[in-house]
Amino acid sequence: MKLADYTTVRLGGPARGFVRASTEEELIEAVRAADASGEPVLILGGGSNLVVADEGFDGIVIQVATRGVSHGAGPGVLTVAAGEDWDAVVARTVAEGLAGLECLSGIPGLAGATPIQNVGAYGQEVSQTITQVRGYDRKTREIFDIPNEQCGFGYRSSRFRGADRFVVLSVTFGLAVQVRSAPVRYAELAAALGVSPGDQVESIQARSAVIELRQRKGMVIDPSDPDTRSVGSFFVNPVLDAAALRAVETAARVRCGAGTTVPRFDAGDGLVKVPAAWLIEQAGFAKGYSPGDGARISSKHTLALVSSGSATTAGLLALAREIRDGVIDAFGVSLTPEPVLIGVTL
Ligand SMILES: Cc1cc2nc3c(=O)[nH]c(=O)nc-3n(C[C@H](O)[C@H](O)[C@H](O)COP(=O)(O)OP(=O)(O)OC[C@H]3O[C@@H](n4cnc5c(N)ncnc54)[C@H](O)[C@@H]3O)c2cc1C
């Protein structure tokens with residue numbers, strides 16, 4: 001068995017052990033048993049945010065396959081088992097007239113992984129609607145229930161990410177009971193819907209528009225589309241303070257012409273988020289760029305690094321390094337990888 005068969009980028013060597021856990025009890029027991037024997041553990045969801053070494057993982061991979069969605073006490077409260085397919089959950093909420101997740105349509109992976117990096121797209125993040133995360137703490141060996149405020153959510157981050165300590169068992173969402181979407185915040189989505197930012201549309205319309213936009217960028221997994229053999233965005237958008245932004249603006253004027261405007265989004269507290277894709281393109285890496293060993297930049301989106309037949313994890317990372325170093329040279333900004341790297345570093 002190769003982990004390449006379990007990752008969306010189709011890379012990764014073998015694991016020493018592999019357990020599929022279909023119930024919460026099996027999941028906790030598998031983790032407890034591995035911890036008791038001192039085995040390294042990799043919790044595997046849909047493998048859509050994982051880059052695994054060609055050498056594989058020298059430990060036990062525990063695949064989360066728990067199922068179940070239940071309505072909670074109040075209207076709009078939904079508790080979802082970690083192993084539920086994320087997009088099916090979003091589709092269900094839209095069909096049931098619950099708003100708050102519709103812009104997170106088309107994202108691969110499982111529900112249990114969504115709090116890990118505070119999954120977000122098109123103006124929504126799961127941190128806006130998660131009310132509680134239930135999990136197993138490998139350190140205390142206890143089950144915990146923690147409210148949103150204690151999840152440490154930030155941009156593509158949470159207290160769960162990189163901690164290896166927590167196994168998410170289920171996630172509870174508090175959604176608005178309405179067929180209309182949450183206000184559309186993302187300009188590109190608003191334009192696609194023909195509305196102004198802040199307007200609401202029917203959730204089903206928002207979902208369709210998001211999926212269409214994502215498909216155009218190769219951001220919906222499609223086995224027949226080689227541009228979707230990726231982990232989605234390979235780099236997060238850098239968040240810059242005023243001084244760092246000024247430095248980027250100066251470099252951009254020198255490199256791209258005096259009239260160049262650096263695109264940015266407000267990130268609060270005087271900070272801005274600059275699109276990593278723009279920095280990569282201006283640093284000279286075009287869509288489709290390939291160093292010639294099977295790894296390449298998607299022909300649909302500069303932020304997605306894709307693998308083809310002969311690619312290896314080593315090759316994918318070499319490409320990522322080349323891009324990272326190119327952006328440092330051009331703009332002095334060091335891009336941070338978004339996926340979780342297993343057995344490799346950038
Ligand atoms: C085409 C494409 C588009 C994407 N678009 C987006 C996007 O728009 N926005 C976005 O935020 N992300 C996006 N992603 C990234 C990815 O889909 C999300 O991060 C997703 O939530 C990962 O889910 P997964 O089940 O595949 O997790 P995996 O890749 O299996 O795991 C990711 C990490 O979470 C851990 N983990 C998984 N499940 C659990 C659990 N139950 N308990 C504890 N730890 C766990 C794993 O150990 C690993 O560290 C995209 C990926 C692809 C391939």
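Up top is the structure.
Computed from a predicted structure; not experimentally measured.

> It is not clear to me how the overall build of the protein should be interpreted in this structure. Could you clarify?
On a plain count of helices and strands, the protein comes out with 7 helices and 19 strands. In terms of C-alpha radius of gyration, the protein reaches 20 Å, essentially the compact-globule figure of 20 Å for 346 residues. Expressed along its principal axes, the backbone C-alpha trace of the protein runs to roughly 60 × 50 × 40 Å. The contacts in the protein between residues at least 6 apart in sequence include a share of 62% that link residues at least 24 apart. Only carbon and sulfur atoms are counted for the fraction: they give 50% of the accessible area of the protein, which is about 14,800 Å². Taking the 32 positively charged and 38 negatively charged side chains of the protein as two groups, their mean positions are separated by 2 Å.

> How do you make sense of helix 2 (residues 86-95) when you look at a structure like this?
Since the α-helix turns once every 3.6 residues, residues separated by three or four places project in the same direction. If you check which residues of helix 2 are buried, you get Trp86, Asp87, Val89, Val90, Thr93 and Val94. The buried side chains of helix 2 occupy one side of the element, clustering within an arc of 155° when seen end-on. Elements that come into contact with the buried residues of helix 2 comprise strand 6 (77-81), strand 7 (98-99), strand 12 (166-174) and helix 4 (203-216).

> In this structure, what is going on with the site of the ligand? I would like to understand it.
Inspection of the region around the ligand gives 35 residues, with Ile43, Gly46, Ser48, Asn49 and Arg214 positioned closest. Between Gly46 and the ligand, the recorded distance is 2.7 Å, taken from a backbone N or O atom to an oxygen atom. At 3.1 Å from an oxygen atom of the ligand is found a main-chain nitrogen or oxygen belonging to Pro108. Across the complex, the protein chains shield 94% of the 970 Å² of accessible surface that the ligand would expose by itself. Every element with two or more residues in the shell around the ligand is listed here: strand 2 (41-44), strand 8 (120-121) and strand 12. When grouped by side-chain class, the residues that make up the shell around the ligand number 20 nonpolar, 12 polar and 3 charged.

> Is there a simple way to explain the sheet that holds strand 14 (residues 239-240) in this structure?
The strands making up a sheet are joined through hydrogen bonds of the backbone, oriented either antiparallel or parallel. Read from one edge of the open sheet, 3 strands run 14-16-15, paired in antiparallel fashion. In this open sheet, the two edge strands, each paired with only one partner strand, are strand 14 and strand 15 (265-266). Sheet analysis places strand 14 next to strand 16 (residues 272-273), joined by 2 bridges and oriented antiparallel. Following the sheet pairing, Leu240 is matched in strand 16 by Val272.

> Would you take a moment to explain the side chain of Ser181 for this structure?
Among the secondary structure elements, Ser181 is positioned in the loop between strand 13 (176-177) and helix 3 (187-193). Judged by relative accessible area, Ser181 falls into the buried class, the value being 0%. Apart from residues no more than four positions distant in its own chain, Ser181 is found in contact with Ala99, Glu102, Gln200, Val201, Glu202, Ser203 and Ala206.

> Explain the pairing of strand 12 here, please?
Within a regular strand, the side chains alternate between the two sheet faces. Burial of strand 12 is extensive: 8 of the 9 residues sit out of reach of the surface. Note: strand 6 against strand 12, 5 bridges, orientation antiparallel. Note that in strand 12 the partner of Ala81 across the bridge is Ser170. The pairing of strand 10 (residues 130-137) with strand 12 spans 7 bridges and is classified as antiparallel. Among the inter-strand pairings, Arg134 is bridged to a residue of strand 12, identified as Ser170.

Reading guide: rules and limits
Residues numbered from 1 in each chain as written. Predicted model: local features only at pLDDT ≥ 70, side-chain atom pairs only at ≥ 80, totals over all residues. Heavy atoms only, no water. Helix = DSSP H or I, 4+ residues; strand = E, 2+ residues; numbered from the N terminus. Rg over C-alpha atoms; globule rule 2.2 N^0.38 Å. Contact = heavy atoms within 4.5 Å. Areas by Shrake-Rupley, 256 points an atom, 1.4 Å probe, with all protein chains shown as cover. Lys, Arg positive; Asp, Glu negative; His and termini not counted. Charge placed at Lys NZ, Arg CZ, Asp CG, Glu CD. Buried < 20%, exposed > 50% of the residue type's maximum accessible area, 1.4 Å probe, protein only. Arc of directions from axis to C-beta. Near = heavy atom within 4 Å. Polar contact = N/O pair within 3.5 Å; in protein donor to acceptor, adjacent residues only side chain to side chain. Nonpolar A, V, L, I, M, F, W, Y, C, P; charged D, E, K, R; others polar. Pairing = 2+ DSSP bridges.

Read these as spatial facts, not as claims about activity.
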